[in-house]
Amino acid sequence: MPNFNLPDSIFKQAAAQFPTPFFLYDEAGIRATIRELKQAFAWAPHFMEYFAVKALPNPRILQIFVEEGFGLDCASECELLMAERVGAQGRIMFSANNVPAGEFAQASRLGAILNLDDISDIDQVLRECGQMPEVISMRLNPGGGFMSNNAIIGTPEESKYGWTIAQMQEGLPRLKALGVKKFGIHALLASNAQENGYYPALAELLMQTAYDLADKSGVAPAFINLSGGVGIPYHPDESGPDIMQIGADVEKAYHRVFGAPAPENVSICTELGRHMTGPHGWLVTHAIHHKDIYRKYIGVDGCTGQLPRPAIYGAYHHVSVVDKRDMPHTEVYDVVGSLCENSDKFAVQRPLPPIETGDLLLVHDAGAHCYAMSHNYNGRLRCAEIMLREDGSFQMIRRAETAEDYFATLL
Ligand SMILES: *Cc1c(COP(=O)(O)O)cnc(C)c1O
């Protein structure tokens, strides 16, 4: 089920205080998910989640992860700057690819672990940093199709990321000669995985690969990085993955490969984005127009420039109407923004209760990869982000863009 944890009264209060559209994020919900993840991996030595900054790049949100003892996963100069600003130095995973010159040096200055996407990155790190760090990470691309419960859930062979196993076998002795003492291994082979089996299958693959590489090279494994990709239930028919079960099944894979009790020196880390914040955000928007032609349309004051997933991927986001959640869904609408693109639809042929102009609509599960993907197409501006604090107060954590912002980069 999509997230219905907050009562309608909260959204009405927020909309009385801030002009729509805006994103509302639930701090308590994010912290609860953080604690649940800690519990699911409590068995793992030195478990660390590096929250994927790209999922929700706002310092106030990132601060929550840092306060909870977690780190940040960065992949660009600005993401590193943001991590620095929230004091995440020494708790950063730099999982970039096709890395522009200078970013390994920048990441290294912040004490980040460098997660190399390609064997050629070794030379780039040497050029920029002068030497290899003692702990380095490599991103694996196993090729082929990636299976969970006998179903293909990813196609690594078609993806641009990672090293082949042969490259790792060749590269690790070189890294050892360059002073590397320990290595980590990483892969991201699925996105929004609904199966409980994704992480355990990935874990087994990474652990076995690490075990074999260590055996051959004499370099010890430091960590297994399961990266992101664990899904959330966007659709009412989805129940979503069970993180406690996933943690328990990853533990079984760990003991199968490394033995029990868990060796203290091989830790587990993750770079979850969507799973951590996705359910804890909503786009709050007012209905401003009705249109009745071959279909019935509800026009809202937000658009998919502010939340592009439905327009880009045809992604499902649940839409609910404040104060009408329990009314019969007797109408069928397309819920649309005002971009001059017919893909600008939050919902297509969606059963909903009868909507009046002025009704408040919520686009659910907008806490990850939503604001983050927003753009200015058609001269439409990005909207504000509001956080519902644990004490019940609202805090604006990013103001809406103005026309001045839009013109600021023009010369
Ligand atoms: C996108 C990404 C993540 C987060 O993915 P989610 O699907 O949001 O969990 C983690 N690590 C890397 C390297 C990524 O590119």
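Everything here concerns the structure above.
Residues numbered from 1 in each chain as written. Predicted model: local features only at pLDDT ≥ 70, side-chain atom pairs only at ≥ 80, totals over all residues. Heavy atoms only, no water.

(A) Spotlight on the packing of helix α6 (residues 121-129) against helix α7 (residues 165-177). Following both chains from N to C, one finds α6 and α7 inclined at 20°, their axes separated by 11 Å at the closest point. What the angle tells us is that α6 and α7 run roughly parallel. Of the residues in α7, those touching α6 at I122, D123 and L126 are G171, R174 and L175. (Axes fitted to C-alpha atoms, helices over the stretch in contact; angles between N-to-C directions. Helix = DSSP H or I, 4+ residues; strand = E, 2+ residues; numbered from the N terminus. Parallel < 35°, antiparallel > 145°, perpendicular 65-115°, else oblique. Contact = heavy atoms within 4.5 Å.)

(B) The pairing of strand β12 (residues 281-292), seen in detail. The pairing of strand β1 (residues 22-26) with β12 spans four bridges and is classified as antiparallel. Among the inter-strand pairings, L24 is bridged to a residue of β12, identified as W282. As paired elements, β12 and strand β17 (residues 360-363) share four bridges and run antiparallel to each other. Across the sheet, L283 pairs through a bridge with V363, a residue of β17. Here β12 pairs with strand β13 (residues 296-300) via five bridges, running antiparallel. Along β13, the bridge assignment pairs D292 with K296. The turn joining β12 and β13, which pair antiparallel and follow one another in sequence, is formed by three residues. (Pairing = 2+ DSSP bridges.)

(C) Layout of the site of the ligand. What surrounds the ligand is a group of 14 residues, the closest being K54, G229, E271, R274 and H369. In this structure, K54 approaches the ligand through a side-chain N or O atom, which is 2.6 Å from an oxygen atom. Contacts to the ligand include D73, whose side-chain N or O atom sits 3.1 Å from a nitrogen atom. Contact with the protein chains hides 90% of the accessible area of the ligand, taken as 390 Å² for the molecule alone. Here the residues of the shell around the ligand are counted per class, giving three nonpolar, six polar and five charged. (Near = heavy atom within 4 Å. Polar contact = N/O pair within 3.5 Å; in protein donor to acceptor, adjacent residues only side chain to side chain. Areas by Shrake-Rupley, 256 points an atom, 1.4 Å probe, with all protein chains shown as cover. Nonpolar A, V, L, I, M, F, W, Y, C, P; charged D, E, K, R; others polar.)

(D) Quick look at unusual backbone geometry. Going from T20 to P21, the amide bond is cis rather than trans, its omega being -5°. Tracing the backbone through its elements, the reader meets P21 in the loop between α1 (8-17) and β1. The phi dihedral of N378 is positive, around 65°, even though this residue is not glycine. Residue placement: N378 occurs in the loop between β17 and β18 (384-388).

(E) Region of the structure containing helix α8 (residues 198-217). Given a rise of 1.5 Å per residue, 20 residues ought to cover 28 Å, and the 28 Å separating the end C-alpha atoms of α8 matches this to within 8%. Those residues of α8 lying buried are Y198, Y199, P200, L202, A203, L206, M207, T209, A210, L213, A214 and S217. Count one or two residues on from α8 and you reach G218, which has phi positive near 75°. (Expected span 1.5 Å × (residues − 1). Buried < 20%, exposed > 50% of the residue type's maximum accessible area, 1.4 Å probe, protein only.)

(F) Inspection of the pattern of salt bridges at higher detail. Going through the model one piece at a time under the given rule, you end up with 19 salt bridges. A salt bridge links E68 to K38; its shortest N-O distance comes to 3.4 Å. Linking E68 in the loop between α3 (59-67) and β3 (71-74) with K38 in helix α2 (residues 27-40), this pair joins segments that are 30 residues apart in sequence. We note a salt bridge from R256 to E204, for which the minimum N-O separation is 2.6 Å. (Salt bridge = Lys/Arg side-chain N within 4 Å of Asp/Glu carboxyl O.)

(G) Local environment of the sheet that holds strand β11 (residues 267-270). An order of β2-β3-β4-β5-β6-β9-β10-β11 is seen for the eight strands of this closed barrel, with the pairing classed as parallel. Between one strand axis and the next, the sheet turns through 25° on average, direction left out of account. Relative to strand β6 (residues 135-139), strand β5 (residues 113-116) runs parallel, the two sharing two bridges. Note that in β6 the partner of N115 across the bridge is S137. Taken strand by strand, α8 contacts β6, β9 (182-186), β10 (220-225) and β11, and its axis lies near 150° from that of β9.

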